[in-house]
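Here's the letter readout for the chains.
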Amino acid sequence: MDKKWNTRTKLVHGGTRRSQYNEVSEAIFLTQGFVYDSAEAAEARFLQAGEDEFIYARYGNPTVAMFENRIAALEGAEDAFATASGMAAVSGALTSMLKAGDHVVSARALFGSCLYVLEEILTRYGVEVTFVDGTDLDAWKSAIRTETSVVFFETIANPTLEVIDVAAVAELAHAVGAKVVVDNVFATPVFSRAIEQGADVVVYSATKHIDGQGRALGGVILGTSDYIRKTVEPYMKHTGGSMSPFTAWVMLKGLETIDLRVRAQAEGAEAISDALQGHDKLSRVIYPGHPTHAQHDLVQRQMGKGGTVIALDIKGGQAAAFRFLNALEIVLISNNLGDAKSIATHPATTTHQRLSDEQKEVLGITPGLIRLSVGIEDKDDLISDILGALEAV
Ligand SMILES: *Cc1c(COP(=O)(O)O)cnc(C)c1O
């Protein structure tokens, strides 16, 4: 029934299940389990749970199901499984479908914990992983082999905002029968069309734009019904990374406003990137939505918009970057992104601190680099805050 609706309608009404009280706002079913009318009913449900029948919150819960149905409708996916965090989603999506002897090809520029899962955990269980420069199609072509079973990448890399061509990499992967798993946080559920473009599995940290108000950790895995119910669900329900009903309620309410928030954030990011181009204290302003971005055509084709994050390289290295951060009055120094509040991060000393200097150099994480996640504040206030802090540099 949701199928004919446009995005904003799906985000407000998609997946709603009402109790016997016909509440307006979605109910939080804060319960670990459910009572059966009889012993026979319990036996029948364990044998085959119906569409609206639940057993135990680790397996599923009405509030969690509402969130799963709503995000699946937004993403154009057949089904979804909600997880306790973004990392439970990334590790669950991959581990549930891989076995010893499998080969994975992954982009090298990854969120630190994603890199840990691929480099340290999967390899411990006999999965071979080859890392490539995700923006180089020839590198993908030579790394993907007939026995490759999964290809993994972040559609926009953190923090340097390089964009990976979903359709082109999917074509190479599908030619050998490999599944394409994308971590789509930076592209956002609002601007991404990853499934339409060839991704088989899309993963989000719901902690970012889906909550969008810094309240809760969460994640979600999206894909075909077959993959979600036969591969992901058995893995997640037995290993314990399911989303709590309270978190699902927070994320459902986040989805109601995500389109409004993310579009306002992208508009702010565009205005800030325009205002900072050519600034004499900056050696680089990287924003996928600006015509000077190295892959601007791809961004236009793949997302239409540049997203909500900008990277700035401040001349004068770490000392200058710290002076900039310490002079900001509205923008917070923190490490979340996609939040309603604007947040600035110094990746070299925080999120990417553990990387060696060589690894930082390969990934373009310079001492002056600042990642700026643009919130929903007034864009003129944000521009004057940032210009003022650059004066202090
Ligand atoms: C934040 C993030 C994650 C991890 O999500 P959590 O909710 O913090 O577990 C994974 N991938 C990307 C790209 C992220 O930005």
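Residues numbered from 1 in each chain as written. Predicted model: local features only at pLDDT ≥ 70, side-chain atom pairs only at ≥ 80, totals over all residues. Heavy atoms only, no water.

To be explicit about the condition: UniProt positions are given in the numbering used here, feature names are shortened, and annotations may be inferred rather than shown by experiment.
Per an unreviewed UniProt entry, the protein chain goes by O-succinylhomoserine sulfhydrylase and derives from Roseovarius phycicola. According to UniProt, the comment filed for the protein chain under the heading Function (unreviewed entry) is "Catalyzes the formation of L-homocysteine from O-succinyl-L-homoserine (OSHS) and hydrogen sulfide." Looking at the Cofactor (unreviewed entry) heading of the UniProt record, one finds this comment for the protein chain: "pyridoxal 5'-phosphate".

1. Quick word on a negative patch on the surface
Note the cut-off: Patch definition: residues with relative accessible area over 30% and no salt bridge; like charges joined within 9 Å; nonpolar side chains (Val, Leu, Ile, Met, Phe, Trp, Tyr) joined within 5 Å. To measure how exposed things are, a 1.4 Å probe is used in the Shrake-Rupley method; for residues, cover is taken only from the protein chains shown. Basic side-chain nitrogens of Lys or Arg form a salt bridge, by our definition, when they fall within 4 Å of a carboxyl oxygen of Asp or Glu. Here the positive residues are Lys and Arg and the negative ones are Asp and Glu; neither His nor the chain ends is included. One atom stands in for each charge, and that atom is NZ of Lys, CZ of Arg, CG of Asp or CD of Glu. Secondary structure elements follow DSSP: runs of H or I no shorter than four residues count as helices, runs of E no shorter than two count as strands, and numbering proceeds from the N terminus.
On the surface, Asp-133, Asp-136, Asp-138 and Glu-162 cluster together to form a negatively charged patch. Here Asp-133 lies in the loop between β3 (128–132) and α6 (137–143).

2. Details of the pattern of salt bridges
Our working rule: Summary of the burial criterion: residues with accessible area below 20% of their type's maximum are buried, those above 50% are exposed, and those between are partly exposed, where the area comes from a 1.4 Å probe applied to protein chains only.
Counted according to the given criterion, the structure contains 21 salt bridges. Between Asp-79 and Arg-229 there is a salt bridge, and its shortest N-O distance comes to 3.0 Å. Of this pair, Asp-79 sits in strand β1 (residues 79–83) while Arg-229 sits in helix α9 (residues 225–239), and the two are 150 residues apart along the sequence. We classify Asp-79 as buried; its relative accessible area is 12%. Arg-229 gets classed as partly exposed once you look at its relative accessible area, which sits at 29%. Ionic pairing is found between Asp-102 and Lys-99, a salt bridge with its closest N-O pair at 3.2 Å. Assessed through its relative accessible area of 8%, Asp-102 is described here as buried. By sharing partners, the salt bridges in this structure join Glu-68, Asp-79, Arg-229, Glu-233 and Lys-237 into a single network.

3. Structural notes on the domain arrangement of the protein chain
Heads up, the rule is: Where each domain begins and ends is defined by an automated method or by a domain database. What makes two residues a contact is simply this: any of their non-hydrogen atoms within 4.5 Å. Buried area, as used here, totals the accessible surface that two parts lose on assembly, with accessibility defined by a 1.4 Å probe and the loss added over both. Polar contacts, as used here, are pairs of N or O atoms within 3.5 Å; protein pairs need one atom able to donate a hydrogen and one able to accept it. Residues neighboring in sequence count only if both atoms are side-chain atoms.
In terms of domain boundaries, the protein chain breaks down into domain 1 (7–254) and domain 2 (258–392). For domain 1 versus domain 2, the distance between C-alpha centres works out to 27 Å. Each partner contributes to the interface: domain 1 provides 35 residues, whereas domain 2 provides 37 residues. Taking both partners together, domain 1 and domain 2 bury about 3,100 Å²; carbon and sulfur atoms supply 62% of that area. One salt bridge connects Asp-259 with Arg-8, and the closest N-O pair in it is separated by 2.8 Å. One can count 15 residue pairs in polar contact (both at pLDDT 80 or more) joining domain 1 with domain 2. Only α1 (7–13) and α8 (188–191) provide two or more residues apiece to the side of domain 1 that touches domain 2. Here the side of domain 1 that touches domain 2 gets four residues from one element, more than from any other, and that element is α8.

4. Remarks on the layout of surface pockets
Test applied: Cavities and pockets are defined on a 1 Å grid built over the protein atoms alone: a cavity is a set of grid points where a 1.4 Å probe fits but cannot escape, while a pocket is an open set with protein on both sides within 12 Å along at least five of seven lines, and lining residues are those with an atom within 4 Å of any such point. Grid points are joined across faces, edges and corners, and a volume is the space filled by probe spheres set on the points. In this classification, the charged set is Asp, Glu, Lys and Arg, the nonpolar set is Ala, Val, Leu, Ile, Met, Phe, Trp, Tyr, Cys and Pro, and all remaining amino acids, among them Gly, are polar.
Of the pockets and cavities examined, the largest pocket occupies roughly 1,100 Å³. In terms of lining residues, the largest pocket is bounded by 34 residues, among which Arg-17, Glu-51, Asn-69, Asp-79 and Arg-229 are the most central. Those elements giving two or more residues to the lining of the largest pocket turn out to be α2 (39–47), α3 (62–75), β1 and α9. Among the elements that line the lining of the largest pocket, the one with the most residues is α3, at five residues. For the lining of the largest pocket, the residue count by class is twelve nonpolar, eight polar and 14 charged. There is about 420 Å³ of room inside the second largest pocket. In this structure, the second largest pocket is lined by 23 residues; those nearest its centre are Met-87, Phe-111, Ser-205, Thr-207 and Lys-208. The set of elements that each furnish at least two residues to the lining of the second largest pocket consists of α4 (86–95) and β6 (201–205).

5. Some remarks on the nonpolar core
Which entries qualify depends on this criterion: For our purposes a nonpolar core is just a set of buried Ala, Val, Leu, Ile, Met, Phe, Trp, Tyr and Cys residues, chained together by side-chain atoms within 4.5 Å.
Core analysis: the biggest nonpolar cluster contains 86 residues, and Phe-67, Trp-140, Phe-153 and Phe-324 have the highest contact counts within it. A total of twelve residues in this core trace back to one element, the largest contributor, which is helix α10 (residues 245–276). Per-domain counts for this core show at least three residues from each of domain 1 (7–254) and domain 2 (258–392). Filtering out sequence-adjacent residues up to four positions away, Trp-140 remains in contact with Val-105, Ser-106, Ala-107, Val-132, Asp-133, Gly-134, Val-151, Phe-152, Phe-153, Ile-164, Val-169 and Leu-172. Residues Ala-88, Leu-94, Leu-118 and Tyr-227 belong to the second largest nonpolar core, which totals 26 residues.

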